[in-house]
Amino acid sequence: MEGTIKPLRRQVGRACDGCRARRAKCDNERPCGACRRRNEPCVQIGSDEPRNLPQAMREIDRLKKNIKEAEAKLRNHKEIEDELLWYRSQYPLASPLQSNSSPGQTSLPGLEWSSRTTVSTPAQKSDRYSPWEGIQIGTARSPNSSWYGSSSLFHFIGRMNSYLGAILQQTQTSNQMVLHGSASTLLNGTTEHSPEDDSQEHALSSEDLFTAGQFLSPIQEEYFLDFFWKSYHTCLFPIINEAEFMDHYRSLWAESGDKRRPDALVDIVIALCMQHGVSHLSLDQQKSIIGGDPSVAGRWYFRRCQQLVTYQLESPTVSTVQSLMLCSIYLCNGSFQNMSATWAGMAATAAYVAGLHIAPSHDLEEPERELRKRLWWGLYELDAKIGMKLGRPFLLHRSPTEPDLPDDQPETAKQSGSRLANPGENKTWLSFHLENSKLFIITREIHESFYARDVNFLQGQSIWDDPQALESHAEFLHICAKPLDQWVVELPNTLKTSRQENGTPFSTDGTKLDIEPFAPIWLQRQRLILELIYHNLCINIHRPFISFVPGLQSSLTEKFATKCALHAMEITKITHQTLSSTTILTGWHEAFQWQWNASMTLVGFILAHPRNILTPEAIKAVDLAITVCEKFGELFSVANSAATILRNLGPKINILLQSHSEMQGPNNGVDQGILKPTNSTEWLDSLMAETSSSDPSLVMPMQDMFQMAFSIEQWSALDNLLPDIGDNWNWNSQSLGVF
C-alpha cells in the first residue's frame, strides 16, 4: 500500500560463522534460524568480542581507563625512583660489616624496596634480629597465649604497658596482661584439663542444631533481611546477587509457610542482620528479645550455618566462600578476633579451591563474572584488614592471573540484582567497593614494604632503640605512602561527605560533617565508612612512630607521630557527630572497634609526647572518646567497658602529665597548651623517683587498666557461641572487674 513504512530490519551485532560464510542473513539467535533450517551447528568464534556499537564503546572506555591507570602508575614509580636516588645519595648503602656495629653506632642504611633480600651466612643469621617484634599474650577468654605483630593494637598497648612499668618500677609479665581470674572463669576455676571437661564439652547432634534455639518466623526473618541490603551488602562486601538470593530464600519455605529448610548462606545473613538490627534497640529491649548482648544475637543461626558449611569444605562453591566470609564478619562483630581470622583463612582456602583467584571464564554470563570478581576482591580486603589489624602474615597473594578489579559502571550495577539509584558522576552503588579495594591494595603494599625493610639489628634490639633507624623508616614511609595521598585526590566526590566551613573531606582539619540530608542511608553510610576506614588505616600506618623510648627524635618522626594522633582525633570527632545526630552508624560494630583503636592510640601519644603542641587537643579528644564509647554503650555493653577504662585512665595520666608540667614551670604546662621542651630522660628519672614512693592509687590501678585494655576486643564469652555446656560456664561482665 502506498505510504506504508517498511519496518526496519533487525540489527544484528555479528552473524554466526555459517551465515557469514554463506553471506546469509542471521537473526543473532543461538542457534540461529538459518542454521536450524540447515540442521547445522551454529557457532561463532571469538564470541566474547564486542558485537555492536554500544559494546564496542564500552570496551574502548575500559581500555582508555586501563591506559590512564597504567600511565599514572608509571608517573608514581618515576617520582619514587627519583626520590630514592636522592636519598641514596644522602645515605649510602651500609656494608655488611657496618651492619654489625654496636648499639648506638648503627649505620643508617640506604632506602630500598622490600623485595630486596639480604644474604647472610649461617653464623650471621643467629645474630640478626628483626626490628619488628611481636607480643605473646593470653586473652581474657583462654589460658593459652596468642601472638600479635607490631602493627596490632595489642602490641601498642604492650609497649605502653612496658613503658609505664619502667616509670612506675613495676615488673610486668605476660600473665599480668590478662584480666585476673578470666582464665579460671572460662575453665571453671582451673587451667588444667580434666576428664570431666570432656563430658561437659559435648557437641550438639544434628537434630539439636535444626530444632533448638530461637529461630524466627517468616515475617521476622524478612524484617531482619531488610537490614542486610542497606548495610553489609552496600557498605561492606557486595558479594551476593540480591534478586537471586531472595528467590532462593523463598524457595526454601515449605508450602505451609511455617518452616524453612536450613541453608548456610541464608542462616549467616540472618545472623548478621540480627546483630545489626537488635543493636538499634535499647539495652532493656535487647534483653527482653535475645536475653543478652546483640553482638551474639542470631547465634543459633550462626551455629547451624557453621555445621552446614563444614560439610561443603571438601567441594566448596561460591556460596561456601560467601558463607565463610560472612561468618568471619559475624565473629569480628562479636569481638572473637582470632576466630574471625580462622574463618577468613577457611574462606581463602575455599576460594582457591573454587578457582576464584583466577580471572573468570568468558563462558560465564557477565553478571556471574562480575560477582566472582567482587567476591575475590572482597576476600582480599578482608584478608588485608585482618593481617594489618593483628600484625600477622597475609593469606592471599596477588598474581598475573588474578581477576581484574570489579566494574562499577551503570550497566554492571543494573545486572547486579540490586536496584539502587546512581549517586551521579557516572558512579553507582558498586563504586564504593571498587574504591575500597584500591584503598586496601595500596595500604597493604605500604604495610608489606614498611615492615619488610631489613635494618639488621643485633638480637635484643628493636627499632625504637635507634632513633636514626626510626628516622630512616619515616623517610621510607614518606616515599612509599604517596599512592595513598593520590587515592584521596582521585576519589570521586560522590563518595565524600562534605564539610562545613569549607573543610576538606579525608583530611584532619577537624571541621564538622555536612551530611547530605536527602541522600539514601546506604550512600551516607558508604561515605562515612570509607572515610573512617581511611583514617583507621592511617593510624595503623603511622603508629610505629609513637616511641616510648627516651631520647631526641627527628622532626619527621615527630611529624608522623603527630599525624597519627590527628587521624585518631578525626575518627573521634566524626563518630561523635554521627552518633549524636544520625543513625548512620547505629549498630555498626566495626565503627566501635575503630573508635577503640583511635582512643588507645591517643592515650599512647599523650604518654609518649607530653610536650607536643598537639597534646592538649589530644587530651580533649580522649574526653570526647569517652562520650563516644558511652553512646556505643547504649547499643552494646562492651563499649561501656571501654568507656570505663578510658575514664579511669584519665586521672592517672593527668598525674603523670602534671609532674612533667611542673618540671617546666608553673606557666608552661599542659593546661596552657604550650609544652616547654625538656629532656625526656630527665622527666623519666623524675617520674620514677616520684612514683616509687607514691600510693597505690597511681601505680597498680593504672596497670590494671592497661591489663583490662587487652580484653576489650576479645571480651565475649565463647559459651555464647557454643552449645549449652553447663551452668559452670556461664559468664557475665562482672568477671571483667570493670563495672
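Residues numbered from 1 in each chain as written. Predicted model: local features only at pLDDT ≥ 70, side-chain atom pairs only at ≥ 80, totals over all residues. Heavy atoms only, no water.

Caption draft 1: Main features of the state of the cysteines. For the structure shown, the criterion picks out 0 disulfides. Cys 26 takes part in no disulfide bond, and the closest cysteine sulfur to it belongs to Cys 32, at a distance of 4.0 Å. Cys 305 carries a free sulfur, and the closest cysteine sulfur to it, the one in Cys 327, is 3.6 Å from it. (Disulfide = S-S within 2.5 Å.)

Caption draft 2: Representation of the environment of Ser 217 in the model. Position of Ser 217 relative to the elements: it lies in the loop between helix H8 (206–211) and helix H9 (218–229). For Ser 217, a relative accessible area of 30% puts it in the partly exposed group. Taking the C-alpha atoms as reference points, Ser 217 and Gly 257, separated by 40 residues in sequence, lie 9.1 Å from one another. (Helix = DSSP H or I, 4+ residues; strand = E, 2+ residues; numbered from the N terminus. Buried < 20%, exposed > 50% of the residue type's maximum accessible area, 1.4 Å probe, protein only.)

Caption draft 3: Looking closely at the pattern of salt bridges. All chains considered together, the criterion is met by 20 salt bridges. Among the ionic pairs, Glu 40 bridges to Arg 22, the shortest N-O distance being 2.9 Å. Of this pair, Glu 40 sits in the loop between helix H2 (33–38) and helix H3 (53–90) while Arg 22 sits in helix H1 (residues 17–22); the two residues are 18 residues apart in sequence, bridging distant segments of the chain. Arg 444 is the salt-bridge partner of Asp 383, the closest N and O atoms lying 3.6 Å from each other. (Salt bridge = Lys/Arg side-chain N within 4 Å of Asp/Glu carboxyl O.)

Caption draft 4: Focus on a nonpolar patch on the surface. On the surface, Leu 53, Met 57 and Ile 60 cluster together into a nonpolar patch covering about 290 Å² of accessible area. When you line up the elements, Ile 60 lands in helix H3. (Patch = residues over 30% accessible without salt bridge, like charges linked within 9 Å, V, L, I, M, F, W, Y side chains within 5 Å. Areas by Shrake-Rupley, 256 points an atom, 1.4 Å probe, with all protein chains shown as cover.)

Caption draft 5: Region of interest: empty space enclosed by the protein. Taken as a whole and assessed by the stated rule, the structure comprises 11 cavities of 30 Å³ or more. Empty space within the largest cavity amounts to approximately 210 Å³. Around the largest cavity sit 16 residues that line it, and Lys 385, Lys 389, Asn 536, Asn 540 and Trp 594 are the ones nearest its centre. In the lining of the largest cavity, the residues fall into 7 nonpolar, 4 polar and 5 charged. One number sums up the size of the second largest cavity: a volume of about 150 Å³. Forming the walls of the second largest cavity are 15 residues, and the residues nearest its centre are Ile 329, Cys 332, Asn 333, Lys 385 and Glu 590. At the level of secondary structure, the elements contributing two or more residues to the lining of the second largest cavity comprise helix H15 (318–333), helix H16 (337–353), helix H17 (366–390) and helix H24 (589–608). Looking at side-chain class alone, the lining of the second largest cavity contains 7 nonpolar, 5 polar and 3 charged residues. (1 Å grid on protein atoms, 1.4 Å probe; cavity = no way out; pocket = protein on both sides within 12 Å on 5 of 7 lines; lining within 4 Å. Points joined across faces, edges and corners; volume = space filled by probe spheres on them. Nonpolar A, V, L, I, M, F, W, Y, C, P; charged D, E, K, R; others polar.)

Caption draft 6: Region of interest: the packing of aromatic side chains. Enumeration according to the criterion identifies 23 aromatic pairs in this entry. The interplanar angle of 65° and the centroid separation of 5.3 Å between the aromatic rings of Trp 377 and Tyr 380 together place this pair among those described as edge-to-face. Taken together, the residues span about one helical turn, with Trp 377 and Tyr 380 both in helix H17 at a distance of 3 residues. Just as Trp 377 is buried, Tyr 380 falls in that class too. Where Phe 450 meets Phe 545, the ring centres are 5.7 Å apart and the plane angle is 65°; that geometry is what we call edge-to-face. One end of the pair, Phe 450, is in helix H19 (residues 431–452); the other, Phe 545, is in the loop between helix H22 (521–542) and helix H23 (555–581), with 95 residues separating them in the sequence. Each member of the pair, Phe 450 as well as Phe 545, carries the same accessibility label: buried. Members of the aromatic cluster, each reached through a chain of ring pairs, are Phe 228, Trp 229, Tyr 232, Phe 245 and Trp 588. Looking at Arg 304, its charged tip hangs above the ring of Phe 215, at a distance of 4.3 Å from the centre. (Phe/Tyr/Trp six-rings, centres within 6.5 Å; stacked < 30°, edge-to-face > 60°. Lys NZ or Arg CZ within 6 Å of the ring centre and 35° of its normal.)

Caption draft 7: The pairing of strand S3 (residues 145–148), seen in detail. Of the two faces of S3, the one lined by Ser 146 and Tyr 148 is fully buried and the one lined by Ser 145 and Trp 147 carries no buried residue. Note that strand S2 (residues 135–138) and S3 share 4 bridges and pair antiparallel. For Ile 137, the partnering residue across the bridge sits in S3 and is Ser 146. (Pairing = 2+ DSSP bridges.)

Caption draft 8: Fine view of H24. Helix length check: H24 (20 residues) gives 29 Å between terminal C-alpha atoms against 28 Å at 1.5 Å per residue, within 8%. Of all 20 residues that make up H24, 20 are buried, and the element is covered over most of its length. (Expected span 1.5 Å × (residues − 1).)

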